[in-house]
Structures are given as structure tokens and as C-alpha cells.
2 protein chains.
Amino acid sequence: MKAASSLHEKIRETIEGKILSGAWVPGYRIPFERDLMSQYGCARMTVNRALGSLVDAGLIVRRRRVGSFVAQPHIRSVILDIPDIKADVVARGGSYGLRLLSRKVRKANRADEKALAGQGPVMVLRCLHLANGRPFALEDRIINLKAVPAAAAADFSVEPPGTWLLVHVPWTEAEHRITAVNADAATSEILDVPAGEACLLLERRTWRGKANITSVRQTFVGATYDLIARFTSKSMAPQKHSAV
Amino acid sequence: MKAASSLHEKIRETIEGKILSGAWVPGYRIPFERDLMSQYGCARMTVNRALGSLVDAGLIVRRRRVGSFVAQPHIRSVILDIPDIKADVVARGGSYGLRLLSRKVRKANRADEKALAGQGPVMVLRCLHLANGRPFALEDRIINLKAVPAAAAADFSVEPPGTWLLVHVPWTEAEHRITAVNADAATSEILDVPAGEACLLLERRTWRGKANITSVRQTFVGATYDLIARFTSKSMAPQKHSAV
DNA sequence: TTTTGCAATATGTCTAGACATTAAAGAGCG
DNA sequence: CGCTCTTTAATGTCTAGACATATTGCAAAA
């Protein structure tokens, strides 16, 4: 555990420890600010800051005139990174390659609007990700050029569009859909696997505010790709997805 | 957007708006605390609190003696609910059914220890989840009876083990692995699909503290199951990633 | 008995300072 | 020119108050 360099962090971590260890169960009344002040010999603002950050973390709830209480655990969820394929492959010591199969700019048609929920010019990309020289994932992507005009000038034959977008465009909302499909003839040929091979299909739509930024559909060969999500309620930290 | 009832929230939201709209690009220098003080006519602590919460949200980075800057977009994460199959099916308006195929209690053998990373008595379950009378998912589960002795008395022929565990056992850590596989002969027969059908395979191990609670392997027919994850950055807890 | 009003209290927000810490920039020197 | 030392500027933390706001319990009035 990292050293708490400041007092408000020490207070925060002490209380956090009580909650996560189960010593203070949900609903337990946390000592009043006044008591924590005298316990730590500090000003109220310092205690207040510690408790405030516990509220932000969802570990406690506070009510005026009433007090502070350990929050009911409500999150039954895990954290999953937005996968960046290039970073993934490289992180595992593989060599990454990219082949841009097609790139078009056009007005959004009916199908695009369904995927993007927007109108105006879009860029339609199809590219193949390679790991160690072998096909790894097939990606079909639509980028909303009205929301991301700079994408028109980007060179997606070198840097994968997902990587470019992650760096250049902050996003506020994303929706994922994960399912399994049998590779059809065209897909199996591109990915160089037998027809009917089980593939992991990941569809993602990303927004910034109300504006839809991009919609992507990635097909991974099931045998060579896992999505791994790990959740630790303590640190909220490590989440990994990895290729095998 | 909710009304900012306090000044530090107003300041925070104003700056957040600049960043999310793209007006202030990553790397942009945010006005100094001193300037924001005079702009809003408030004390430094108030500005400091607003900026502090933006740091927690990962939107800005601050460096002593240097200043505050719009953060590079992070590789952020999405929240994936721990799926409860029964609740899922019911939520989609289907009728849920359960068939307990086998239930055994035994000492952990080599394979169990690999899955559970523990010793002692375990309960081994195999059950089939039905949606609208049709096979939906096949589940193989191992429960660590040393960690969850109450499971020995539970009736898993009515309530699915996953549902029972969610309600009765709080967990602190979970690891998921998601991949796609072609159904083998035995699986395809149980799920009543053609052999080779693409299936979504979800493996999950769950801990409470150091104790492994359960390990489960669920096979869904790809054509009838999606995993959906939605993420909104506003509600996100602090995530300390280095910038891309 | 029921309702209304009031006081008590814990948190929410804010102020105007203080000193600590860090890192950039300049000063002095070999 | 390259090195160390000092200055300085911006954030990090903290204090001892202040007033605001929400909620509870109690007391008084209907």
C-alpha cells in the first residue's frame, strides 16, 4: 500500500480499510467529524476532505444533521478497458502490423445512421490487425467527421484508427456489445481461419457528450483472443485484456 | 446537467465543459488558481477544490510550480455488470427455467485446485439455464465450501447458484475471461445447437479477500446472447492511468 | 391527539490566511 | 561551457474560524 503522504489521505485510508475489511459493515455509523478531529488532532476541513473523497468513491453516504454511514454495496460490476489492439499486441511482446483494406468518405447513408445515430459526412474504414505477421482481428469502423474533423487528415495506414482516436478524442460514454459468431466465408478468408470458426465479435459505439464519435465492429479469432476483466474493490485498479 | 448548487461545482463544470467540448484540447494550460480566484471572486481553497475533483476525474493533471493542464485522454474503462442469468432472462421478458444436471460434494482434486486455488471440500455443480423453455446457457461451477459452508444447504434446483451466491456472499474481487469457442459434441447436444456453433464462453473466479469463493464457466449460444456494457465517465471513480 | 413551530446538531460550503513542496529559471563559479 | 546553488512561482496541505442547510426531536398550540 502506498504511503499516505498527507493527513487527509491517512484518514481516508484508515476508514477505507475498516470498510473493505468488513469491520464496518454497510449501514455502520462513521464517527462524527468532531470525533475524528479530536482523534487525529486536526481541523475539521481535513476530516471533511477525507470523508468527501470517500463519498466520491461511493464507499460512504453522508446526510446532514444525521451523520455518515458505510454505503450499501451496489456495484456488482467489473471494469473492462476499452481495448487498444496495437497496445495489446505490443504489450505482450508481439510485433504489430496493420493493413488498411479500404477507406472512404461519404455522406451517412441509412445503415450508417443506424450505427452512428447521426447525419453528415462519415469516414468508413476496414482494416486488418496483424500480430506477428498473422491476421489477428478484422475491424470495420465508421467515424463521424462532423464530430472529429481532424480524422480526415489522419494516416490510418500506419496508426490504427482506434489508437489515433484514443489519443486525440476524449470520450464520455461508450456502449459495448460482445457476442460470439461463426466466421462467414469472407471473414474466414481474411482472417485465414477455417469457415465457421468461432470468433469473438466486439461492437462499440462511443460518444462525446451528445455527439457520436465512432462505431466499430471488431472480429477476433476466438482461439487467439481473450477479453480479461479483473475487478478489485480495493484499488479499483488493474484491468487487463489480453491476447493469447 | 444538474444545477451546480455550489460555487466549486460551478467552477468544475465550467472547466469540464471546456474540456469535453474540445475547446480546451489535451495539453492546454488551465488558468492559474490565482486567476480563477479573481475571475470567480472566491478564495483559493474553493478553486483548489474544483480543480482537485477534476484531477480525481482524470480530466486534468497538475504539477507544482508548473501549472494545470488538460490531461491526455486515458485508456479508460467500462463497467461490465456481473451477469446474473436469471435476472437477465427475466429482464428481457423471457421465462426462466433451470435444470440441475449434477451436484456433488467432494474433496478438491488437482483440477479443482487449479480452478479454485484452494483445498478442502468443494461442491461441483452442472446446470442448464433455460429461456422460454429452450436451452440458453450451460454452467459448470465449483464452490469452495470452506469459504461458503452455507452453500451445502442451498437448493440449487430452484434458485440458480449464481443468484444465490450474489445475494448471500459479498465478494471483493473477480476475474473474468471471455472468449469464443466452437461447441463440441457434448455441449452442442445439451444446448441443442449444431456442433461447431459459435458460443460465448465466460469464465469467472470470485474471491472474498484471499479466499476463493467460486469458479464458474458458462457457455452461451452466441446467436442468442450478448454481453452489453455501458459506460459514462461522469460516474467514474478515480483511475490513475498514465496518459497514453 | 394531531399539527405546527422551534431549537439543536451534523454536514456543506466558504474564507483568508499560513507554511511546505516541487521544479523551472537564473546566478555564480570553476 | 558545464556544474552547483539560490531564487521564485505554482501547487499541496492545513488551520480556525464563519455562515448555510437539512433533518431530527421536542414542545407548544390547535
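Residues numbered from 1 in each chain as written. Chains lettered and ligands numbered in written order. Predicted model: local features only at pLDDT ≥ 70, side-chain atom pairs only at ≥ 80, totals over all residues. Heavy atoms only, no water.

Just to check I follow, could you spell out the overall build of chain A for this structure?
Scanning chain A from terminus to terminus reveals seven helices and 12 strands. Taking the contacts inside chain A whose residues are at least 6 apart along the sequence as the reference set, 58% of them involve residues at least 24 apart. Working note: accessible area of chain A is about 11900 Å², and carbon and sulfur atoms make up 54% of it. (Helix = DSSP H or I, 4+ residues; strand = E, 2+ residues; numbered from the N terminus. Contact = heavy atoms within 4.5 Å. Areas by Shrake-Rupley, 256 points an atom, 1.4 Å probe, with all protein chains shown as cover.)

I'm lost on the pairing of strand β2 (residues 60–63) of chain A in this one. Help?
The two faces of a sheet get side chains in turn, since along a regular strand they alternate between them. All names here are of chain A. Sheet topology places β2 next to strand β3 (residues 67–70); four bridges connect them, and they run antiparallel. Bridging across to β3, Arg63 finds its partner in Gly67. A loop of three residues connects β2 with β3, the two strands running antiparallel in sequence, and Arg65 in this loop sits at a positive phi of about 70°. (Pairing = 2+ DSSP bridges.)

What should I look at first to understand unusual backbone geometry in this one?
The phi angle of most residues is negative, glycine excepted, and most peptide bonds adopt the trans form. Here Arg65 of chain A, not a glycine, exhibits a phi torsion of approximately 70°, which is positive. With respect to the secondary-structure elements, Arg65 of chain A resides in the loop between β2 and β3. Positive phi, normally seen in glycine, also occurs at Asn132 of chain B, with a value near 55°.

Sorry, what's going on with the protein's contact with DNA strand D here?
Lining the immediate surroundings of DNA strand D are 26 residues, of which Leu7, Thr46 and Arg65 of chain A together with Arg34 and Arg65 of chain B lie closest. Here DNA strand D approaches the protein such that, of its atoms within 4 Å, sugar and phosphate make up 67%. Taking Arg65 of chain A, its side chain carries an N or O atom lying 3.1 Å from a base oxygen of DNA strand D. Only α1 (7–21) and α3 (44–56) of chain A together with α2 (33–40), α3 (44–56), β2 (60–63) and β3 (67–70) of chain B provide two or more residues apiece to the surface near DNA strand D. Looking at the surface near DNA strand D, the element that brings in the most residues is α3 of chain A, giving four residues. A class-by-class count of the residues in the surface near DNA strand D yields seven nonpolar, seven polar and 12 charged. (Near = heavy atom within 4 Å. Polar contact = N/O pair within 3.5 Å; in protein donor to acceptor, adjacent residues only side chain to side chain. Nonpolar A, V, L, I, M, F, W, Y, C, P; charged D, E, K, R; others polar.)

Got a minute to help me understand the layout of surface pockets in this structure?
Gaps between atoms show up when a probe of the same size as a water molecule is rolled over them. All names here are of chain B. Estimated volume of the second largest pocket: approximately 560 Å³. Along its surface, the second largest pocket is lined by 22 residues, and Ala115, Ile142, Glu203, Ser215 and Arg217 are the ones closest to its centre. Mapped onto the lining of the second largest pocket, the elements with two or more residues apiece are β5 (96–107), α5 (110–116), β6 (121–131), β7 (134–144), β8 (173–182), β9 (198–208) and β10 (211–221). (1 Å grid on protein atoms, 1.4 Å probe; cavity = no way out; pocket = protein on both sides within 12 Å on 5 of 7 lines; lining within 4 Å. Points joined across faces, edges and corners; volume = space filled by probe spheres on them.)

Just to check I follow, could you spell out the protein's contact with DNA strand C for this structure?
In the neighbourhood of DNA strand C, 25 residues make up the surrounding shell, with Arg34 and Arg65 of chain A together with Leu7, Thr46 and Arg63 of chain B lying closest. Taking the atoms of DNA strand C that fall within 4 Å of the protein, sugar and phosphate contribute 66% of them. In the environment of DNA strand C, a base nitrogen lies 3.2 Å from a nitrogen or oxygen atom belonging to the backbone of Arg65 of chain A. Between DNA strand C and the protein, one listed contact pairs a phosphate oxygen with a side-chain N or O atom of Arg49 of chain B at 2.9 Å. Elements with a minimum of two residues in the surface near DNA strand C: α2 (33–40), α3, β2 and β3 of chain A together with α1 (7–21) and α3 of chain B. With four residues, α3 of chain B is the single largest residue contributor to the surface near DNA strand C.

Looking at this structure, I do not really get the pattern of salt bridges. What am I missing?
It is possible for side chains of opposite charge to pair when their charged atoms get near one another. On inspection of all chains with the given rule, the structure shows 20 salt bridges over all chains. Across the pair Glu203 of chain A and Arg217 of chain A runs a salt bridge, and its minimum N-O distance is 2.8 Å. Of this pair, Glu203 of chain A sits in strand β9 (residues 198–208) while Arg217 of chain A sits in strand β10 (residues 211–221); the two residues are 14 residues apart in sequence, bridging distant segments of the chain. On the accessibility criterion, Arg217 of chain A (39% relative accessible area) is partly exposed. Note that Arg62 of chain B and Glu33 of chain B form a salt bridge whose closest N and O atoms lie 2.8 Å from each other. Placement of the pair is Arg62 of chain B in strand β2 and Glu33 of chain B in helix α2, with a sequence separation of 29 residues. Judged by relative accessible area, Glu33 of chain B falls into the buried class, the value being 12%. In the salt-bridge network here, residues are joined through shared partners; they are Glu33, Arg44 and Arg62 of chain A. (Salt bridge = Lys/Arg side-chain N within 4 Å of Asp/Glu carboxyl O. Buried < 20%, exposed > 50% of the residue type's maximum accessible area, 1.4 Å probe, protein only.)

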